[in-house]
Amino acid sequence: MRPADRLFRIIQLMRATGRAMTAQEIADKMEVARRTIYRDMEHLMASGAPIDGERGVGYLLRESFDAPPLAFTFEQLEALAFGARAVQMLGDHRLAQAAREAMEKIEHGLPPEHVARLRSAPIRAFRSALQPKPPPMLGDLRRAIAEERKVRMAYESLADQSSERTVWPLGLSVFGHHWLLTTWCELRQDFRDFRVDRIREMKLERDHFQSSPERSFDAYLSRM
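All values reported here derive from a predicted model rather than from experimental measurement.

Reading guide: rules and limits
- Residues numbered from 1 in each chain as written.
- Predicted model: local features only at pLDDT ≥ 70, side-chain atom pairs only at ≥ 80, totals over all residues.
- Heavy atoms only, no water.
- Axes fitted to C-alpha atoms, helices over the stretch in contact; angles between N-to-C directions.
- Helix = DSSP H or I, 4+ residues; strand = E, 2+ residues; numbered from the N terminus.
- Left-handed = near helix turned anticlockwise from the far one by under 90°.
- Contact = heavy atoms within 4.5 Å.
- Nonpolar A, V, L, I, M, F, W, Y, C, P; charged D, E, K, R; others polar.
- UniProt positions renumbered as here; feature names shortened; annotations may be inferred.
- Expected span 1.5 Å × (residues − 1).
- Buried < 20%, exposed > 50% of the residue type's maximum accessible area, 1.4 Å probe, protein only.
- Salt bridge = Lys/Arg side-chain N within 4 Å of Asp/Glu carboxyl O.
- Arc of directions from axis to C-beta.
- Parallel < 35°, antiparallel > 145°, perpendicular 65-115°, else oblique.
- Polar contact = N/O pair within 3.5 Å; in protein donor to acceptor, adjacent residues only side chain to side chain.

Enquirer: In this structure, what is going on with the packing of helix α1 (residues 3–17) against helix α2 (residues 23–30)? I would like to understand it.
Expert: Think of two packed helices as two axes; the pair is described by the angle between the axes and how far apart they sit. Where α1 contacts α2, the axes come no closer than 11 Å and their chain directions differ by 115 degrees. Every pair of crossing elements has a handedness; the one defined by α1 and α2 is right-handed. Judged by residue contacts, Arg6, Arg9, Ile10, Leu13 and Met14 of α1 engage Ile26, Lys29 and Met30 from α2. Tallied by class, residues from the contact of α1 with α2 come to 5 nonpolar, no polar and 3 charged.

This is how it looks when you write it as structure tokens:
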């Protein structure tokens, strides 16, 4: 890791922690020697970063400080390029358009040689012949999740059993060739996954739901 990148990560770490940290704590997080952190702290404090502390005591970043963004590394540019391309392949039209616009904004702030690297990153994302096109209702489901709106839907299971459900949409996932909608199902009073391509009809209800730690996407993931 370049020294400039490490300094930036130290600032980010201290801001996220929000408390005094010892040099050893920071060294463990950064996976470097403690003496390296001592040198980095001296460099940051000499350059004007509002850090209080000293060797053997610990260091505290004052709340008012915010580090300026640094240039992306080539590996970070490849990650961004791959992520955007994957979204354009797997997401709905609006999400794909948002990915393209986000990359344009990123390119606007990069030097020309980094823009060229971003566009030519040799990592691609493709949809296979077996991969169905993104379901057209993905955009509405994303809106329901963002607005915490209940969804009334007609669903057909893999066993061709039809049912009417009112659900709290919590999250969307790509699993293999299919999008899955994770919900809190009012009928079952439990978490349920539904394949989006098997939702025959859906309607965003006026009623909102109030998510809680016990009925959240994170709570669902913790069960897996």
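On we go from here.
Enquirer: Can you help me understand the UniProt feature "domain: WYL" (unreviewed entry) in the protein in this one?
Expert: Per the UniProt entry, the sites bearing "domain: WYL" (unreviewed entry) are residues 137–203 in this numbering. Along residues 137–203, the helical share is 15% and the strand share 61%, with 10 Å between the first and last C-alpha atoms.

Enquirer: Explain α1 here, please?
Expert: Structurally, the α-helix is built with 3.6 residues per turn, so residues lying three or four positions apart point the same way. The end-to-end C-alpha separation of α1 is 21 Å, in line with the 21 Å expected for 15 residues at 1.5 Å each. Every buried residue belonging to α1 is among Asp5, Arg6, Leu7, Ile10, Ile11, Leu13 and Met14, and all of these are buried. Packing partners of the buried residues in α1 comprise α2, α3 (34–46), β1 (51–54) and β2 (58–61). Immediately downstream of α1, the backbone of Gly18 shows phi near 70 degrees, a positive value.

Enquirer: Explain the pattern of salt bridges to me, please; I cannot follow it from the model alone.
Expert: Should the charged atoms of two oppositely charged side chains come close, the side chains can pair. Inspection of every chain in the model, using the stated rule, returns 18 salt bridges. Between Arg142 and Asp92 there is a salt bridge; the shortest N-O distance is 3.0 Å. Highlighted residues: Arg142 in helix α7 (residues 138–147) and Asp92 in the loop between α4 (74–90) and α5 (93–108), separated in sequence by 50 residues. Taking relative accessible area as the criterion, Asp92 reaches 7% and is therefore assigned buried. Its salt-bridge partner being Glu156, residue Arg200 comes within 3.4 Å of it at the nearest N-O pair. In this pair, Arg200 sits in strand β7 (residues 199–208) while Glu156 sits in strand β3 (residues 149–156), placing the two residues 44 residues apart along the sequence. Residue class for Arg200 comes out partly exposed when judged on its relative accessible area of 44%. Taken together, the shared-partner salt bridges connect Glu156, Asp160, Arg198 and Arg200 into one network.

Enquirer: Would you explain α2 in this entry?
Expert: Along α2, the positions that sit buried rather than exposed are Ala23, Ile26, Ala27 and Met30. Across the axial projection of α2, the buried residues extend over an arc of 100 degrees, all falling on one side. Residues Asp28 and Lys29 are exposed on α2 and point more than 90 degrees away from its buried face. Of the surrounding secondary structure, the elements contacted by the buried residues of α2 are α1, α3 and β2. Of the residues trailing α2, Glu31 is marked for its positive phi of about 60 degrees.

Enquirer: Honestly, the packing of α2 against α3 in this entry has me stumped. Any pointers?
Expert: At a closest axis distance of 8 Å, the pairing of α2 and α3 adopts a crossing angle of 105 degrees. In this view, α2 runs roughly perpendicular relative to α3, as classed from their interaxial angle. Of the residues in α3, those touching α2 at Ala23, Gln24, Ile26, Ala27 and Met30 are Arg34, Ile37, Tyr38 and Met41. Residues that form the contact of α2 with α3 fall into these classes: 7 nonpolar, 1 polar and 1 charged.

Enquirer: Quick question: what am I supposed to make of the side chain of Lys150 here?
Expert: Looking at the element boundaries, Lys150 is found in strand β3. Among the polar contacts listed, one links the side chain of Lys150 to the side chain of Glu186, at a separation of 2.8 Å. Contacts of Lys150, omitting those with residues within four sequence positions, involve Thr166, Val167, Trp168, Pro169, Glu186, Lys203, Leu204, Glu205, Asp207, His208 and Phe209.

Enquirer: What is the right way to read the UniProt feature "domain: Helix-turn-helix type" (unreviewed entry) in the protein from this model?
Expert: UniProt's feature table lists "domain: Helix-turn-helix type" (unreviewed entry) at residues 6–59, given in the numbering used throughout. The span residues 6–59 is 61% helix and 11% strand, and its two end C-alpha atoms sit 16 Å from each other.

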